[in-house]
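Topology and contacts: notes
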Amino acid sequence: MLQGKTPVVSQAVVRRLPIYLRYLQQLQAREVDTVSSQEMGRDLDINPAQIRKDLAYFGEFGRKGIGYHVPYLIEKIRQILKLDRNLPVALVGAGHLGIALSNYSRLRRSELAIAAIFDKDPRKIGLAVAGLTVQGMDDFETRVREQGIRIGIVAVPAPEAQAVANRMVEAGIVGILNFAPATLRTPPTVHVRYSDVTSELQALAYYVR
Ligand SMILES: NC(=O)c1ccc[n+]([C@@H]2O[C@H](COP(=O)([O-])OP(=O)(O)OC[C@H]3O[C@@H](n4cnc5c(N)ncnc54)[C@H](O)[C@@H]3O)[C@@H](O)[C@H]2O)c1
């Protein structure tokens, strides 16, 4: 099913695939060769039927009574998520968060490594961060296109986030991870994900007695 038409898959399924992948990679590191959906479900706290259904969207990866072959399933999920190729990422905002993200070692070693860092502050432009040089925003669209970047991270203050997202869209970026506490308006072809520590903590506060 991977060849030919791309199946229409819900965002919930797409969001679970990286969770499966990380788990499978942990199993592989422990030299575990096969895993059943029951074991996966128990360890990940996800219904095994849900796991089987999620994976079945993309093909027949498991064998009845045996389960999934860990290296094979890793390869397939990486293909589905398009992690079998390098996907350079542009980061805008070389501030506290942007620099921390750029230095994040797990991200640096991945196929989704930050490949270009931008900031509008002249004091930041030219600085060396995580082996890259912070670039100004003047040629943002050209630089992004030159490097074939399709994914961007917004790490600027909230009032600046929409303007940065607009420029990302203009530059051909189709996936945005937004760390600014602001809702972004983008064309339907552009996918936006949010990371907001404050809102997550506020939601947890609800459960404090
Ligand atoms: N999601 C989270 O968990 C989380 C955690 C901390 C901060 N944040 C958010 O991330 C953002 C950055 O936080 P920070 O602490 O790194 O801020 P910061 O002030 O240290 O850095 C922001 C950087 O963005 C640059 N910038 C501002 N406008 C720009 C523009 N239009 N184009 C390019 N660069 C621009 C600034 O020059 C600065 O270097 C904020 O929106 C903050 O609320 C999110």
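Residues numbered from 1 in each chain as written. Predicted model: local features only at pLDDT ≥ 70, side-chain atom pairs only at ≥ 80, totals over all residues.

As a further point, take helix α3 (residues 48–56). Residues Ile51, Asp54 and Leu55 constitute the buried set of α3. Down the axis of α3, the sector holding all buried residues measures 90°, keeping them to one side. Among the exposed residues of α3, those oriented more than 90 degrees off its buried face are Ala49, Lys53 and Ala56. Of the surrounding elements, those touching the buried residues of α3 are α1 (11–29) and α2 (37–44). (Buried ≥ 20, exposed ≤ 12 C-beta atoms within 10 Å, placed from the backbone. Helix = DSSP H or I, 4+ residues; strand = E, 2+ residues; numbered from the N terminus. Arc of directions from axis to C-beta. Contact = placed C-beta atoms within 7 Å.)

To continue, consider the sheet that holds strand β5 (residues 114–118). If you walk across this open sheet you meet the 5 strands as β5-β4-β8-β9-β10, and the pairing is parallel. If you trace the sheet from one side to the other, it starts and ends with β5 and β10 (191–194), each paired once. Across this sheet, the average inter-strand angle for adjacent strands is 20°, counted without regard to direction. Two elements, strand β9 (residues 175–178) and β10, share 4 bridges in a ladder whose sense is parallel. (Pairing = 2+ DSSP bridges. Axes fitted to C-alpha atoms, helices over the stretch in contact; angles between N-to-C directions.)

Considered domain by domain, the protein is made up of domain 1 (11–80) and domain 2 (89–200). For domain 1 versus domain 2, the separation of C-alpha centres amounts to 31 Å. (Domains from an automatic or database assignment.)

What follows deals with unusual backbone geometry. Although it is not a glycine, Glu31 sits at a positive phi angle of roughly 60°. Turning to its location among the elements, Glu31 is positioned in the loop between α1 and β1 (34–35). Overall, the presence of 7 C-beta atoms within 10 Å leaves Glu31 in the exposed class. In this structure, Asp45 takes a positive phi of about 60° despite not being glycine. Take Asp45: it is sitting in the loop between α2 and α3.

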